[in-house]
Amino acid sequence: MNFSSLRSDNFHLNSDSADREDAAEFVMTQDAEGNILSFYWQNASRAVGDEERFAPVAIVPYLQRIQRVLDSQTPEQFFCFSRCHTEMRLFELLMSPILSPGSEASMVIVTGRKLAHSLDDPIPDDLLSPVDVSPRSDRYQKLLTQIAWTIRRTLDLPTIWQQTVDGLGKALGVSRCIICPFEAPSSEIEVVAEYRQESLASLLKLKFSLTDDPALGQAVTTLKPLSADVPVIEGIETICKTTENSADSPLPQTRLVVATCYQEKPNGVIVLYQCDHTRSWTQAEIEFVQELADQVGTAIAHASLFAKSQNLAIDLQRVNGNLMQKHRELEEARHQAEEASRLKSEFLANTSHELRTPLNGMIGFLRLILDDMADDPEEQREFTEEAHTSALHLGAILEDVLDIAKIEAGKMQIDLSHVKLDEILLDVEKFARTQTSQKNLTFEIQKPSTYDEIILYANYQRLKQVMLNLVNNAIKFTHEGGITITAEVVKKRVVVQDRELPGMVKVRVVDTGIGVSLEEQDKLFQSFSQVDGSLTRQYGGTGLGLAISQRLVEAMGGVVNFYSMGEELGSTVTFTVPLAQEPVMRLG
């Protein structure tokens, strides 16, 4: 029998619907699993039970067709060999979805008629495939538009690849669909995205050789779709093996290979596999895949160009950032050199006077001892103690000078860690209690009311140095009244050394001492200065205490402020230090 004439004579897809209904010999309804729900033979005496004797020979593609019709809601017309009663006959079938308002289709209605055919005639492979209704069927045009619209919405290459294989795989009901990027003159391609049935093993990152697989090479060279068998070569024989039992004998394998291109230059390869039956690709399917491959090729080219432009922009930003960093480093080096020169001159000018007093004291008392000027051993011991006191004073001055030099030269390294506020305040209290009691001054510490400990982000030794400097100054310049230390939690997000912290603790050191006039307050934080030179003789000191404290606090991420309403009106020094964690405050 000539099956071409069979198709042309008996399979009129574009004929009037009434003619097809007259030609139908039976009608049945089936669910998604292929179960026959109702069955009717024309001119038959009974309908019940006949469905048990009607079954397609190739049940797997038949069930796949049911699912495809339900998903696409589009009728399909095809030839199918089926067993009917005790015979195997060739049928012309029309399968349509049964649509219900407000719900998805879950059943199909199948009408058909027997065709004249002898079992001795050869059976073409494509009798189990959909008939080519028209070169540009509405169904494929709709799918093409939908998939193309999806891939055009993004410029991300992995997304384009995955959406392409998913769209093709689901639209054509294939076992597997893969895509591999291609760039001339490479002779090897690698799978970057795939659609596959769950039972099939993944091929991601599998490499194919264009030399070993002529079909792939031909598709890339000619830019035309190619239907071919899967070659049995190393690395590819597992394409149709299942994950459940990879030792099974290979299933039937047919494939459709098409190259994606842009401006007649290939940039990828799409391969569709049918592993569960031998499939002949219809002209409509081939044209559909070709048109989609052309659109995918354009999308890949645009996405690749966009990725290259992004990489170029990143490279330019990196180069510009490096140049700016070099410029900043040069500016910083120049600034440090100028600062070092300034500090050298300033140190030479200012430290000579501050160092001369204790040094002269040491030299004078030691000379008296060496010249036997002491009248008795007790006076000699007194001279020795005075020289020792001058030496300690000189050492303290040198320590302050070294600290301020390191800070202003940017050489002071301060490592920050968790510090408990209670421990700092306890050390300060031990120092201040003795000093204030000797001068009959009151001393009080007021802490925030919290359920847990207040943890600071600071350097313990440097924070203690700041507190002792401020309290020592307050005691030194206060003759009546007392000193009060208060701490307050300020909830405000801050960034210290590239670390975001929940807030600050504001510490106040308040005294009732001699105060400072408003016009002299700007001198307080200058190195080697006091508001009045006569105070140096009366109270002692180098004038470095507040300057060092200010720079240490700033190095730890805080600020220092000084307040006084004028002379004899007392003073208040405040500074802030970052919180390592936010404490739980008590209400009221």
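All residue numbers here refer to positions counted from 1 along the written sequence of the relevant chain. Totals for whole chains, interfaces and linings use all residues, but because this is a predicted model, local features are given only for residues with pLDDT of at least 70 and pairs of side-chain atoms are given and counted only at 80 or more. Values reported for side chains reflect all heavy atoms of the structure, with hydrogen atoms and water molecules removed beforehand.

**A look at the overall build of the protein**
Then comes step 1: Put simply, DSSP marks the helices as runs of H or I at least four residues long and the strands as runs of E at least two long, and each gets a number from the N terminus on. Along the backbone of the protein there are 12 helices and 22 strands.
Then comes step 2: Per-residue accessibility, obtained with a 1.4 Å probe over protein chains only, is compared with the maximum for each type, and a residue is labelled buried under 20%, exposed over 50%, and partly exposed between these values. Buried residues in the protein amount to 42% of all 588 residues.
Then comes step 3: The criterion used for residue contact is that any of the two residues' heavy atoms lie within 4.5 Å. The long-range fraction of contacts in the protein, counting pairs at least 24 apart against all pairs at least 6 apart in sequence, stands at 68%.
Then comes step 4: The protein chains shown are the only cover counted for residues, whose accessible areas, like all others here, come from Shrake-Rupley with a 1.4 Å probe. For the protein, the accessible area works out to roughly 32,300 Å², and carbon and sulfur atoms hold 51% of it.

**What about the pairing of strand S21 (residues 560-563)?**
Then comes step 1: Residues of S21 alternate between two faces, with Val560 and Phe562 buried on one and Asn561 and Tyr563 left unburied on the opposite face.
Then comes step 2: Only strands joined by at least two bridges in the DSSP assignment are considered to pair. When S21 meets strand S22 (residues 571-578), the two strands line up antiparallel, connected through 4 bridges. Opposite Phe562, over in S22, you have Val573 as the bridge partner.

**With respect to the sheet that holds S21**
Then comes step 1: Taken together, the 5 strands give an open sheet; going across it, the order is S15-S17-S20-S22-S21, and neighbouring strands pair in mixed fashion. Either end of the sheet is taken by a strand with one partner, and the two such strands are strand S15 (442-446) and S21. Going across the sheet, the axis of each strand differs from the next one's by a mean of 15 degrees, ignoring polarity.
Then comes step 2: Bridge analysis of S15 against strand S17 (residues 482-490) gives 5 bridges, and the strand direction is parallel. Counterpart to Ile445 in the pairing with S17 is Ile485.
Then comes step 3: Running over the sheet, helix H9 (residues 421-438) touches S15, S17 and strand S20 (504-511) and is turned about 170 degrees from S15. Under this scheme, a helix contributes an axis fitted over its contacting stretch, all axes are lines through C-alpha atoms, and angles between N-to-C directions fall in the 0 to 180 degree range.

**As for the sheet that holds strand S12 (residues 254-262)**
Two strands in a sheet stick together by hydrogen bonds in their backbones, pointing the same way (parallel) or opposite ways (antiparallel).
Then comes step 1: Read across the sheet, 5 strands follow the order S9-S7-S13-S12-S11 without closing on themselves; strand pairing throughout is antiparallel. Edge positions in the open sheet fall to strand S9 (193-196) and strand S11 (226-229), since each of these has one partner strand only. Going from strand to strand, the sheet's axes swing by 20 degrees on average, the running direction of each strand aside.
Then comes step 2: The sheet contact formed by S11 and S12 spans 4 bridges and is antiparallel. Paired with Ser227 across the two strands is Leu256, which belongs to S12.

**Brief notes about the confidence of the model for the protein**
Then comes step 1: In predicted models, pLDDT denotes the confidence assigned by the predictor to each residue on a 0 to 100 scale. Looking at the protein, the pLDDT average stands at 80 and 80% of residues meet or exceed 70.
Then comes step 2: At the low end of the mean pLDDT range in the protein sits helix H1 (residues 3-10), at 37; at the high end sits S20, at 95.
Then comes step 3: A low-confidence stretch, residues 533-537 (pLDDT under 50), is modelled with 4 contacts involving residues beyond four sequence positions or located in other chains.

**Some words on the environment of Leu115**
Then comes step 1: Examined against the element boundaries, Leu115 turns out to sit in strand S6 (residues 107-115).
Then comes step 2: It is 6.8 Å that separates the C-alpha atoms of Leu115 and Glu92, two residues lying 23 residues apart in sequence.

**Comments concerning the nonpolar core**
Then comes step 1: In this text, buried Ala, Val, Leu, Ile, Met, Phe, Trp, Tyr and Cys residues form a nonpolar core when linked through side-chain atoms within 4.5 Å. Core analysis: the biggest nonpolar cluster contains 51 residues, and Leu456, Met467, Ile485, Val505 and Phe575 have the highest contact counts within it.
Then comes step 2: Of the residues forming this core, the biggest block, 7 residues, is contributed by helix H10 (residues 460-476).
Then comes step 3: With residues near it in sequence (within four places) discarded, Met467 still touches Ile424, Leu425, Val428, Ile485, Val507 and Phe575.
Then comes step 4: Membership of the second largest hydrophobic core comes to 31 residues, among which are Ile147, Ala171, Val174 and Ala284.

**Some thoughts on the packing of H10 against helix H12 (residues 545-555)**
Then comes step 1: Look at H10 against H12: their axes get within 9 Å of each other, and the N-to-C directions meet at 145 degrees. Helix-helix and strand crossings are classified by hand; for H10 and H12 the assignment is left-handed. Here H10 contributes Arg462, Gln465, Val466, Asn469, Leu470 and Asn473 to the contact with H12, which in turn contributes Gly545, Leu546, Ile548, Ser549, Leu552 and Val553.
Then comes step 2: Each residue is assigned to one class: nonpolar for Ala, Val, Leu, Ile, Met, Phe, Trp, Tyr, Cys and Pro, charged for Asp, Glu, Lys and Arg, and polar for all the others, Gly among them. Here the residues of the contact of H10 with H12 are counted per class, giving 6 nonpolar, 5 polar and 1 charged. By convention, the crossing between two helices is left-handed when the near helix turns anticlockwise from the far helix through less than a right angle, and right-handed when the turn is clockwise.

**Some words on the pattern of salt bridges**
Then comes step 1: For this document, the term salt bridge refers to a Lys or Arg side-chain nitrogen within 4 Å of an Asp or Glu carboxyl oxygen. Applying the stated criterion to the full structure yields 18 salt bridges.
Then comes step 2: When the shortest N-O distance is used, the salt bridge between Glu331 and Arg334 registers 2.9 Å. Pair noted here: Glu331 and Arg334 are both in helix H7 (residues 283-370), with a separation of 3 residues, about one helical turn.
Then comes step 3: Assessed through its relative accessible area of 34%, Glu331 is described here as partly exposed.
Then comes step 4: Among the residues examined, Arg334 registers a relative accessible area of 43% and is labelled partly exposed.
Then comes step 5: A salt bridge links Glu488 to Arg508, with the nearest nitrogen and oxygen atoms 3.2 Å apart. Residue Glu488 is located in strand S17, and its partner Arg508 is located in strand S20; the two are separated by 20 residues in the primary sequence.
Then comes step 6: Taking the relative accessible area as the measure of exposure, Glu488 reaches 35% and is therefore partly exposed.
Then comes step 7: Given the relative accessible area of 26%, Arg508 is considered partly exposed.
Then comes step 8: Linked through salt bridges whose partners overlap, the residues forming this network are Arg65, Arg68 and Glu76.

**Observations concerning the packing of aromatic side chains**
Then comes step 1: Pairing of aromatic rings covers Phe, Tyr and the six-membered ring of Trp, with a centre-to-centre limit of 6.5 Å; geometry is then stacked below 30 degrees between planes, edge-to-face above 60, and tilted otherwise. If you walk through the whole model with that rule in mind, you get 4 aromatic pairs.
Then comes step 2: With 5.9 Å between their ring centres and 40 degrees between their planes, Phe365 and Phe383 make a pair best called tilted. Here Phe383 lies in helix H8 (residues 377-408) and Phe365 lies in helix H7, a separation of 18 residues in the sequence.
Then comes step 3: A residue is classified by how much of its surface remains accessible, and Phe365, at 23% relative accessible area, is partly exposed.
Then comes step 4: Of the residues examined, Phe383 reaches a relative accessible area of 11% and is grouped as buried.
Then comes step 5: One aromatic cluster in this structure is built from Phe26, Phe39 and Phe91.
Then comes step 6: Our definition puts a charge over a ring when NZ of Lys or CZ of Arg is within 6 Å of the ring centre and also within 35 degrees of the ring normal. Across from the ring centre of Phe78, 4.0 Å away, lies the NZ or CZ of Arg65, which sits over that ring.
Then comes step 7: Across the ring face of Tyr457, the terminal group of Arg499 is positioned such that the distance to the ring centre comes to 4.6 Å.

**A few points about the packing of H9 against H10**
Then comes step 1: At a closest axis distance of 10 Å, the pairing of H9 and H10 adopts a crossing angle of 30 degrees. By the angle between their directions, the pair H9 and H10 is classed as roughly parallel. Remark: the crossing between H9 and H10 carries right-handed chirality. Residues Glu423, Ile424, Leu425, Asp427, Val428, Phe431, Ala432, Gln435 and Thr436 of H9 form the contact with H10, whose own contacting residues are Tyr460, Leu463, Lys464, Met467, Leu468, Val471, Asn472 and Ile475.
Then comes step 2: For the contact of H9 with H10, the residue count by class is 11 nonpolar, 3 polar and 3 charged. Angles below 35 degrees are treated as roughly parallel, those above 145 as roughly antiparallel, those between 65 and 115 as roughly perpendicular, and all remaining angles as oblique.

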